[in-house]
Amino acid sequence: MHRRSNCTRPHCPSSGTGVCYFVCGDIVVHMDRTPFQAIDRRVTPWLAEHGLTLLRISLGVVFIWFGVLKFWPGLSPADRLAT
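For every chain, the first residue of the written sequence is number 1, and numbering continues from 1 onward in sequence order. Selection of residues for local features in this predicted model requires a pLDDT of at least 70, selection of side-chain atom pairs for listing and counting requires 80 or more, and totals for whole chains, interfaces and linings are taken over all residues. Hydrogens and water molecules were not included; the side-chain quantities draw on all heavy atoms of the structure.

Asker: Quick one: what's the story with the overall build of the chain, residue by residue and with numbers?
Answerer: If you tally the helices and strands in the chain, you get two helices and two strands. Runs of E in the DSSP output that reach at least two residues are strands. Runs of H or I that reach at least four are helices, and both are numbered from the N terminus. Reading the helices (α) and strands (β) of the chain from amino to carboxyl end gives β-β-α-α. Think of it in three bands: with a 1.4 Å probe and only protein chains considered, a residue is buried below 20% of the maximum accessible area for its type, exposed above 50%, and partly exposed in between. Relative to its 83 residues, the chain shows a buried fraction of 8%. Throughout, a residue-residue contact means that at least one pair of heavy atoms, one from each residue, lies within 4.5 Å. Here the contacts in the chain between residues at least 6 apart in sequence split such that 2% fall between residues at least 24 apart. Per-residue accessibility takes into account occlusion by the displayed protein chains alone, with areas from the Shrake-Rupley method and a 1.4 Å probe. Taken as a whole, the chain presents about 7400 Å² of accessible surface, with 65% of it coming from carbon and sulfur.

Asker: Can you lay out the confidence of the model for the chain for me, pointing to particular residues and giving the numbers?
Answerer: A score between 0 and 100, pLDDT records how confident the predictor is in each residue. Mean pLDDT over the chain: 77, with 73% of residues reaching 70 or higher. Looking over the chain, one finds the lowest element-wise mean pLDDT in strand E2 (residues 27-32), namely 68, and the highest in helix H1 (residues 33-69), namely 88.

Asker: Residue-level account of a nonpolar patch on the surface, with values.
Answerer: Residues enter a patch when their relative accessible area is above 30% and they make no salt bridge; the linking distance is 9 Å between like charges and 5 Å between nonpolar side chains (Val, Leu, Ile, Met, Phe, Trp, Tyr). By convention in these notes, a salt bridge is any Lys or Arg side-chain nitrogen within 4 Å of a carboxyl oxygen on Asp or Glu. A cluster of nonpolar side chains, namely Ile-39, Val-43, Trp-46, Leu-47 and Leu-54, defines an oily patch on the protein surface of about 460 Å² accessible area. Mapping Trp-46 onto the fold places it in helix H1.

Asker: Report on the environment of Gly-25, specifying residues and quantitative values.
Answerer: As for its placement among the helices and strands, Gly-25 is situated in the loop between strand E1 (19-24) and E2. Separated by 17 residues in the primary sequence, Gly-25 and Thr-8 place their C-alpha atoms 8.8 Å from one another.

Okay, structure coming up:
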């Protein structure tokens, strides 16, 4: 759900429960931030270290896949554009 202009900023009571909410029109969206923050703290440093490598590998796989498809006529979605 993306934030629209009629949405409020997240409100996190200082009760220490980790539960936040924001209001979007007539809808109140509750967010339990504690589990998300725990996962985020573990994933963010790992992605900062390995994210660029994963991006390079995934881009390489896409290029190789479309390159391999050129050897079989009619399988490549770009076949009609190239001819």
